[in-house]
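What follows is each chain in one-letter form.
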2 protein chains.
Amino acid sequence: MAASSSSLSKPFFSNTIPTTTKTHMITTTNTISFTRLTTIKASAKTYKKGIDTSLVENSVNTIRFLAVDAVEKANSGHPGLPMGCAPMGHILFDEVMRYNPKNPYWFNRDRFVLSAGHGCMLQYALLYLAGYDSVKDEDLKSFRQWGSKTPGHPENFVTPGIELTTGPLGQGIANAVGLALVEKHLASRYNKPGHEIVDHYTYVILGDGCQMEGVSNEACSLAAHWGLGKLIAFYDDNHISIDGDTDIAFTENVDRRFEGLGWHVIWVKNGNSGYDEIREAIEEAKSVTDRPTLIRVTTTIGFGSPNKANSYSAHGSALGAKEVEATRKNLKWAHEPFYVPEDVKTHWSRHISEGSALETEWNKMFAAYEKKYKDDAAELKGLISGELPAGWEKALPTYTPEMPADATRNLSQQCLNNLANVLPGLLGGSADLASSNMTLLKMFGDFQKHTPTERNLRFGVREHGMGAICNGIAHHTKGLIPYCATFFVFTDYMRASMRLAALSESRVIYVMTHDSIGLGEDGPTHQPVEHIASFRAMPNILMLRPADGNETAGAYRVAILNTKRPSVLALSRQKLPNLTGTSIENVEKGGYILSDSSSNNKPDVILIGTGSELELAVKAGDELRKEGKAVRVVSFVSWELFDEQSDEYKESVLPSSVTARVSIEAGSTFGWEKIVGAKGKAIGIDKFGASAPAGKIYKEYGITVEAVIEAAKTVC
Amino acid sequence: MAASSSSLSKPFFSNTIPTTTKTHMITTTNTISFTRLTTIKASAKTYKKGIDTSLVENSVNTIRFLAVDAVEKANSGHPGLPMGCAPMGHILFDEVMRYNPKNPYWFNRDRFVLSAGHGCMLQYALLYLAGYDSVKDEDLKSFRQWGSKTPGHPENFVTPGIELTTGPLGQGIANAVGLALVEKHLASRYNKPGHEIVDHYTYVILGDGCQMEGVSNEACSLAAHWGLGKLIAFYDDNHISIDGDTDIAFTENVDRRFEGLGWHVIWVKNGNSGYDEIREAIEEAKSVTDRPTLIRVTTTIGFGSPNKANSYSAHGSALGAKEVEATRKNLKWAHEPFYVPEDVKTHWSRHISEGSALETEWNKMFAAYEKKYKDDAAELKGLISGELPAGWEKALPTYTPEMPADATRNLSQQCLNNLANVLPGLLGGSADLASSNMTLLKMFGDFQKHTPTERNLRFGVREHGMGAICNGIAHHTKGLIPYCATFFVFTDYMRASMRLAALSESRVIYVMTHDSIGLGEDGPTHQPVEHIASFRAMPNILMLRPADGNETAGAYRVAILNTKRPSVLALSRQKLPNLTGTSIENVEKGGYILSDSSSNNKPDVILIGTGSELELAVKAGDELRKEGKAVRVVSFVSWELFDEQSDEYKESVLPSSVTARVSIEAGSTFGWEKIVGAKGKAIGIDKFGASAPAGKIYKEYGITVEAVIEAAKTVC
């Protein structure tokens with residue numbers, strides 16, 4: 001940025017440090033020496049920057065008080081983090097990051113994720129000062145109110161400038177790993193000598209809570225493994241969490257853990273006013289290019305509040321009028337609420353022109369690139385716009401009943417491999433089950449530290465980290481389509497990240513194999529039962545359970561076309577026949593008639609199946625027809641999609657006059673009353689599975705053709 | 001154990017190491033020095049043990065081939081881990097652990113958890129050799145078959161001797177943290193000078209997969225924080241996971257990470273045949289009493305198999321007849337399948353008498369203790385038997401409508417505190433939200449390293465670890481009643497451990513507050529919507545959503561009396577009035593009539609509510625009655641409990657002739673069709689929440705008295 005070319009003397013801020021501040025010493029419980037850990041103290045080194053000290057202090061205090069005032073007005077929120085992190089926030093957004101406030105979606109912007117999402121007033125204040133249209137004065141004043149652009153946690157789908165929805169702790173740092181992965185991947189795919197088209201950093205602020213969550217450890221292990229050198233994480237080491245001092249539950253040596261994970265670690269001792277320390281740490285972090293960097297910044301939560309700083313009481317509620325007043329006095333901030341000094345305003349105003357210039361410059365660079373590398377440029381443009389290549393759907397395989405039976409997990413692999421040929425944005429992998437989930441893209445190698453061009457991701461046994469990383473991938477660039485895989489039952493490990501995908505409108509494809517008791521011997525710990533129901537109940541996520549090849553291809557089609565919601569594909573381990581009547585197109589209706597021997601939309605009975613049990617419904621239908629019944633067989637591959645059809649269509653498939661209905665699905669019957677009605681019968685599994693060969697379990701659990709026939713006769 | 005007093009020369013085994021074995025070097029990526037990390041090499045030190053080398057080798061190979069043969073017979077399973085871990089398994093069960101095979105539930109036994117549960121044939125082979133009645137010859141031969149005692153993963157509810165159900169990776173090590181926590185807690189509560197009544201170790205074997213999972217990092221951080229010195233974990237460092245060499249996704253320095261977490265770390269370089277190394281490591285681990293120990297044991301997966309050792313192909317499927325033959329030859333094991341040499345049989349047979357002697361000795365010790373410390377002994381006996389103290393239910397608070405409105409999270413705290421006075425087994429805490437979840441037991445301090453007698457657990461922001469630790473607590477001692485807490489939405493982080501609680505029949509109480517949009521400003525990331533439905537769909541877990549003080553107390557009563565299933569209590573952040581008609585006893589029926597103005601079981605309309613929305617149903621009922629309707633208001637606090645009532649009772653509450661039904665619940669309507677029927681109406685929330693004051697969201701989302709009245713008029 002332009003500012004970095006001019007000069008600034010070191011700011012000094014210690015006169016306003018509240019008396020309750022304490023310096024947290026690293027807990028050293030043994031004698032390991034840290035030869036790599038850089039400790040950055042308030043050093044003598046003077047930085048040359050383009051703004052003067054008082055301006056920085058003014059800006060930092062502006063950020064602090066915008067947060068304090070907004071929380072106070074809402075009488076709800078988290079003032080503590082913004083007050084402690086304002087210095088690093090200021091330096092990042094005013095001195096370091098490259099972005100264009102008037103186009104928050106400029107492709108080559110630096111990314112920033114506030115993993116400690118509760119501190120979102122920090123981010124709103126920074127977006128406001130930087131000149132983003134999404135956060136205006138009135139938005140700060142309607143913090144946490146109905147319909148505002150400034151909700152209680154950052155929401156990417158509400159506020160342009162927010163990269164990802166955070167709040168649930170640990171997710172944001174893992175999202176950031178996904179963002180940094182994409183930068184490394186696309187840079188290696190598209191950059192050419194002298195044409196660094198893809199070139200940005202990913203910054204993240206995470207807190208003690210994020211550090212305690214397992215998901216962050218999973219993702220950070222991968223970040224180092226992948227050598228994501230342009231990922232720079234600020235750990236807001238304020239030693240306070242909701243329950244009080246972190247000493248009560250968190251005494252590990254974080255520096256050493258991150259060293260173990262393979263990160264470069266820097267400690268900034270004075271995050272409250274050590275601007276130069278922070279600047280120096282960022283420079284050092286940028287100089288380490290083969291691994292991510294954790295900058296542990298020791299701060300004081302609620303900095304400046306004489307009675308609440310360094311205490312949990314500054315964390316999650318308004319300071320209260322009296323304490324706000326005391327804080328104003330302590331920080332010498334004799335201004336009305338939401339005040340922004342003119343010099344601060346003027347100073348920050350340059351980001352609009354500078355940001356625009358950055359984008360213009362990049363556009364020029366891209367034009368030169370495009371001239372020289374037409375195909376690459378076109379492909380990258382497609383990824384950026386999110387437009388799917390024309391005719392991509394033709395790559396989807398189709399099947400006929402004559403073709404051999406196969407497991408839908410295998411059919412899924414055919415789809416993935418066919419699609420990878422035509423969709424440059426498709427990339428993904430499995431949590432150490434690639435050979436079981438059948439997720440390898442055969443034409444590509446593994447995305448690794450030294451082979452970042454490749455598109456197979458190896459997540460290790462880290463489902464939760466995988467899910468959160470995929471959310472980051474999905475939101476880096478519109479045209480990227482991340483998929484990830486594990487056994488369906490282990491969605492339990494990653495559910496928090498899947499819910500965030502649904503909430504934040506991430507197009508992630510979950511390839512979930514071994515989708516029922518059909519996996520057999522591994523037993524109940526590995527057999528999903530309630531999982532289908534649990535996703536049907538979740539808003540804005542598609543739960544698809546294809547029955548054969550065509551439905552699997554159709555499920556992929558739906559998953560790719562639904563750009564604003566994730567899709568879960570439940571796939572079988574066991575072989576399934578290709579059925580008559582299935583098609584790619586039918587899947588998008590969610591439920592459709594597979595076969596019918598009735599007339600006038602009045603079958604004697606409707607048999608409804610999903611996935612591996614659709615075959616049972618078909619066979620039972622055949623038997624019943626032999627006995628003279630007019631039978632309709634319906635595939636119910638996705639409830640959500642069926643729900644979205646017109647009433648006429650729904651009536652044409654499930655006429656309300658026909659109450660004789662039987663459903664069969666090797667999972668919980670919970671919810672099926674809606675489909676089969678009070679007079680119908682739902683065949684399913686409402687207990688845990690068992691360890692035995694799959695056929696035996698199916699029989700013992702009554703998931704059989706005979707059971708369907710018997711039930712049909714009961715309800716007819 | 002008696003064996004430790006006699007002598008044995010060092011076994012030597014290298015002649016059978018397969019050619020594919022490689023030594024894994026620690027990946028050192030920087031210059032940190034490990035002054036504490038002990039590396040144990042095949043040293044010169046000679047151990048004095050009571051068995052000769054060839055016997056150990058024979059025993060180890062017996063274990064290996066029992067696993068190989070059982071997997072081969074089932075043509076399904078995981079031979080690789082047992083073949084690699086047989087040496088540590090042998091040493092643990094034959095030389096180190098104190099247990100009584102004829103009473104797997106002897107209180108003071110050492111605990112063992114196979115966190116890498118897929119390797120369960122190791123454990124079955126060891127239980128078999130040790131003389132447990134649960135695993136006989138025929139059980140080994142019916143491995144992974146319907147109804148066998150040897151399912152595909154270890155199940156505590158199937159096989160006595162298995163402490164906990166494992167398989168989902170990372171859970172077992174976290175369970176073990178719970179077991180070790182209990183040992184430390186009970187020892188400090190009940191032991192007296194000269195009377196070490198509670199005194200055992202907790203051993204665990206975990207693999208690379210467990211190490212990658214976030215849940216293990218969470219739990220291991222706590223284990224060190226709590227100073228669980230009697231927890232000894234063997235890390236089966238075989239460098240192979242399902243997708244191949246762990247190098248593709250797992251290159252962190254585990255030793256250093258564990259040093260960072262605060263563990264003592266030892267490296268056994270030769271886990272395949274370095275018996276003395278393993279023994280020495282265990283002795284060292286025992287000598288470190290202020291922290292847990294991780295013994296990294298480098299092994300070869302599938303040790304002995306000439307063509308599959310050290311490869312993923314040994315991990316998860318039968319070796320195949322040809323390779324089994326080659327392995328027999330390689331390990332010089334010219335025996336038929338399932339063969340146990342006589343000397344091995346004879347040698348292991350002593351565990352029956354020795355185990356019995358250990359328990360008898362302990363019984364004597366306990367008798368002496370009982371004589372001196374009558375009250376303590378009685379209390380501990382109660383905990384061991386699981387019998388609840390007489391009259392405990394009287395401690396439950398009761399409420400009348402005149403009492404002030406209060407949040408059910410506060411009412412929950414009253415229950416917890418009242419119960420903690422009468423239930424010596426109640427202990428628990430929150431994932432850093434004690435002051436929000438209202439879970440502190442006021443008469444106790446925090447369970448910490450130096451205050452292990454206390455009963456408030458501080459889990460930090462580690463929901464998943466918390467859940468898994470509670471499963472360990474629940475299964476250590478029958479009378480222990482662990483509770484744990486977070487915001488209801490964050491059950492997503494710990495769902496895998498909650499499912500395991502349900503499957504393994506753990507009485508854990510989940511105190512889940514902030515149970516709907518009623519939490520307000522924090523917004524959709526913090527507002528559960530689909531969670532109630534998702535637990536209603538899960539087998540063997542009680543989902544309870546109490547509406548006021550009496551129902552909250554009733555929910556606790558149910559949770560405590562249901563010893564073989566966990567309970568989820570969804571509790572409000574906002575204040576709720578105490579309603580007329582609620583009672584502690586009614587809760588156990590799941591659904592019951594709160595008020596009724598109809599006669600002959602024929603109301604005009606039935607209004608059904610749960611939790612915070614029961615109040616809305618009541619108010620709507622009052623209004624409708626004013627208009628002359630015969631209205632029944634039903635509280636539906638737990639679907640599972642209602643389902644278990646007699647048909648007569650159900651008909652008395654929800655007569656099938658009355659189809660005019662309206663339900664209201666601030667959550668997904670998924671599943672409610674079962675209760676309200678096709679002609680009824682379910683009022684709920686089928687999208688994500690929003691950030692705003694709670695009252696505003698309720699209104700905007702149509703969760704109002706007016707909506708109930710309107711719906712009632714539509715369905716009547």
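Residues numbered from 1 in each chain as written. Chains lettered and ligands numbered in written order. Predicted model: local features only at pLDDT ≥ 70, side-chain atom pairs only at ≥ 80, totals over all residues. Heavy atoms only, no water.

The name that an unreviewed UniProt entry assigns to chain A is transketolase, with the source organism given as Artemisia annua. Quoted verbatim from the Subunit (unreviewed entry) heading of the UniProt record, the comment on chain A is "Homodimer." Listed under Catalytic activity (unreviewed entry) in UniProt, the entry text for chain A is "D-sedoheptulose 7-phosphate + D-glyceraldehyde 3-phosphate = aldehydo-D-ribose 5-phosphate + D-xylulose 5-phosphate". (UniProt positions renumbered as here; feature names shortened; annotations may be inferred.)

A. Expanded view of the UniProt feature "domain: Transketolase-like pyrimidine-binding" (unreviewed entry) in chain A. As recorded in UniProt, the feature "domain: Transketolase-like pyrimidine-binding" (unreviewed entry) lies at residues 406–578 of chain A. Taken as a whole, residues 406–578 of chain A contains 38% helix and 18% strand, while its terminal C-alpha atoms sit 8 Å from one another. (Helix = DSSP H or I, 4+ residues; strand = E, 2+ residues; numbered from the N terminus.)

B. Representation of the side chain of aspartate 492 of chain B. Looking at where aspartate 492 of chain B falls in the secondary structure, it is placed in helix H16 (residues 491–503). Aspartate 492 of chain B gets classed as buried once you look at its relative accessible area, which sits at 3%. Here the side chain of aspartate 492 of chain B touches arginine 495 of chain A through a polar contact of 3.4 Å, side chain to side chain. Look past the residues within four positions of aspartate 492 of chain B in its chain and what remains in contact with it is Asp492, Arg495, Ala496 and Arg499 of chain A together with Glu530 and His531 of chain B. (Buried < 20%, exposed > 50% of the residue type's maximum accessible area, 1.4 Å probe, protein only. Polar contact = N/O pair within 3.5 Å; in protein donor to acceptor, adjacent residues only side chain to side chain. Contact = heavy atoms within 4.5 Å.)

C. Expanded view of the interface of chain A and chain B. Taken together, the contacts link 106 residues of chain A with 106 residues of chain B. Carbon and sulfur atoms make up 57% of the area that chain A and chain B hide from each other, which totals about 8,600 Å². Contact with chain B buries area across many residues of chain A, yet Trp146, Arg499 and Phe670 of chain A alone supply 10% of it, more than any other trio. Residues aspartate 243 of chain B and arginine 458 of chain A are paired through a salt bridge, measuring 3.4 Å at the closest nitrogen-oxygen approach. In this assembly, chain A and chain B are joined by 46 residue pairs in polar contact (both at pLDDT 80 or more). (Buried area = accessible area lost by both parts, 1.4 Å probe. Salt bridge = Lys/Arg side-chain N within 4 Å of Asp/Glu carboxyl O.)

D. Seen up close, the pattern of salt bridges. This structure, assessed with the given rule, holds 76 salt bridges over all chains. A salt bridge links lysine 626 of chain A to glutamate 623 of chain A, with the nearest nitrogen and oxygen atoms 3.1 Å apart. Highlighted residues: lysine 626 of chain A and glutamate 623 of chain A, both in helix H20 (residues 614–626), separated by 3 residues, approximately one helical turn. The exposed category is assigned to lysine 626 of chain A, whose relative accessible area is 66%. Under the relative-accessibility criterion, glutamate 623 of chain A is labelled partly exposed at 33%. When the shortest N-O distance is used, the salt bridge between glutamate 379 of chain B and arginine 189 of chain B registers 3.4 Å.

E. Summary view of the packing of helix H5 (residues 171–190) of chain A against helix H7 (residues 214–225) of chain A. All names here are of chain A. Where H5 contacts H7, the axes come no closer than 8 Å and their chain directions differ by 20°. Comparing their axes, H7 and H5 come out roughly parallel. Handedness of the crossing formed by H5 with H7: left-handed. Contacts from Gln171, Ile173, Ala174 and Val177 in H5 reach Val215, Ser216, Ala219, Cys220 and Ala223 in H7. (Axes fitted to C-alpha atoms, helices over the stretch in contact; angles between N-to-C directions. Parallel < 35°, antiparallel > 145°, perpendicular 65-115°, else oblique. Left-handed = near helix turned anticlockwise from the far one by under 90°.)

F. Just the relation of the copies chain A and chain B, in detail. Rotating chain A by 180° about the axis while translating it 0.0 Å along that axis superimposes it on chain B, leaving an RMSD of 0.0 Å. Taken together, these values place the two copies in the relation of a two-fold axis. Both copies share a contact surface, since 100% of the interface residues of chain A are interface residues in chain B too. (Least-squares fit on C-alpha atoms with pLDDT ≥ 70 in both.)

G. Fine view of H7 of chain A. Residue and element names in this part refer to chain A. The terminal C-alpha atoms of H7, which comprises 12 residues, lie 17 Å apart, in line with the 16 Å expected from a rise of 1.5 Å per residue. Burial analysis of H7 places 12 of its 12 residues in the buried class, which makes it a mostly covered element. Among the residues of H7, those classed as buried are Gly214, Val215, Ser216, Asn217, Glu218, Ala219, Cys220, Ser221, Leu222, Ala223, Ala224 and His225. Trailing H7 by a residue or two, glycine 227 shows a phi angle of about 65°, which is positive. (Expected span 1.5 Å × (residues − 1).)

H. Seen up close, the sheet that holds strand S10 (residues 426–430) of chain A. Residues and elements named next belong to chain A. Read from one edge of the open sheet, 6 strands run S11-S10-S12-S13-S15-S14, paired in parallel fashion. The open sheet has two free edges, formed respectively by strand S11 (456–458) and strand S14 (542–544), since each of these has just one partner strand. Along the sheet, successive strands turn relative to each other by an average axial angle of 20°, direction set aside. Sheet contacts for helix H16 (residues 491–503): strand S12 (481–487), strand S13 (509–513) and strand S15 (567–570); angle to S13, the most-contacted strand, approximately 160°. (Pairing = 2+ DSSP bridges.)

I. Representation of the packing of H7 of chain A against helix H15 (residues 463–476) of chain A within the structure. All names here are of chain A. Relative to each other, H7 and H15 sit at 70°, their axes nearing to 8 Å. Between H7 and H15, the angle is such that the two are roughly perpendicular. Facing H7, whose interface residues are Val215, Glu218, Ala219 and Leu222, H15 presents Glu463, His464, Gly465, Ala468 and Ile469. For the contact of H7 with H15, a count of residues per class yields 5 nonpolar, 2 polar and 2 charged. (Nonpolar A, V, L, I, M, F, W, Y, C, P; charged D, E, K, R; others polar.)

J. Here's a closer look at the sheet that holds strand S10 (residues 426–430) of chain B. All names here are of chain B. Strand order in the open sheet made by the 6 strands is S11-S10-S12-S13-S15-S14, with parallel pairing throughout. Each of the sheet's edge strands pairs with one partner strand only, and the pair in question is strand S11 (456–458) and strand S14 (542–544). Direction aside, neighbouring strands of the sheet carry axes that sit 20° apart on average. One ladder, built from 4 bridges, connects strand S13 (residues 509–513) with strand S15 (residues 567–570); its direction is parallel. Paired with isoleucine 509 across the bridge in S15 is serine 567. Contacts from H16 reach strand S12 (481–487), S13 and S15 within the one sheet, and its direction differs from that of S13 by about 160°.

K. Spotlight on the pairing of S15 of chain A. Residue and element names in this part refer to chain A. Of the two faces of S15, the one carrying Ser567 and Leu569 and the one carrying Val568 and Ala570 are both buried. Where S14 lies against S15, 3 bridges are found, and the strand directions are parallel. Residue pairing across strands places leucine 544 opposite leucine 569, the latter belonging to S15. Following the chain from S14 across helix H18 (residues 549–561) to the adjacent parallel S15, one finds a crossover that is right-handed. (Right-handed = clockwise from strand over helix to strand, strands pointing away.)

L. Broad picture of the packing of aromatic side chains. All chains considered together, the criterion is met by 47 aromatic pairs over all chains. Note on phenylalanine 488 of chain B and phenylalanine 535 of chain B: the rings are 6.2 Å apart at their centroids and 25° apart in plane angle, and the pair reads as stacked. Residue phenylalanine 488 of chain B is found in the loop between S12 and H16, and its partner phenylalanine 535 of chain B is found in helix H17 (residues 531–536); the two are separated by 47 residues along the sequence. Phenylalanine 535 of chain B shares its class with phenylalanine 488 of chain B; the two are buried. An aromatic cluster of at least three residues, connected via ring pairs, comprises Phe636, Trp639, Phe642, Tyr649, Phe670 and Trp672 of chain A together with Phe636, Trp639, Phe642, Tyr649, Phe670 and Trp672 of chain B. One Lys or Arg, lysine 589 of chain A, reaches over the ring of tyrosine 649 of chain A and ends 5.1 Å from the middle of that ring. (Phe/Tyr/Trp six-rings, centres within 6.5 Å; stacked < 30°, edge-to-face > 60°. Lys NZ or Arg CZ within 6 Å of the ring centre and 35° of its normal.)

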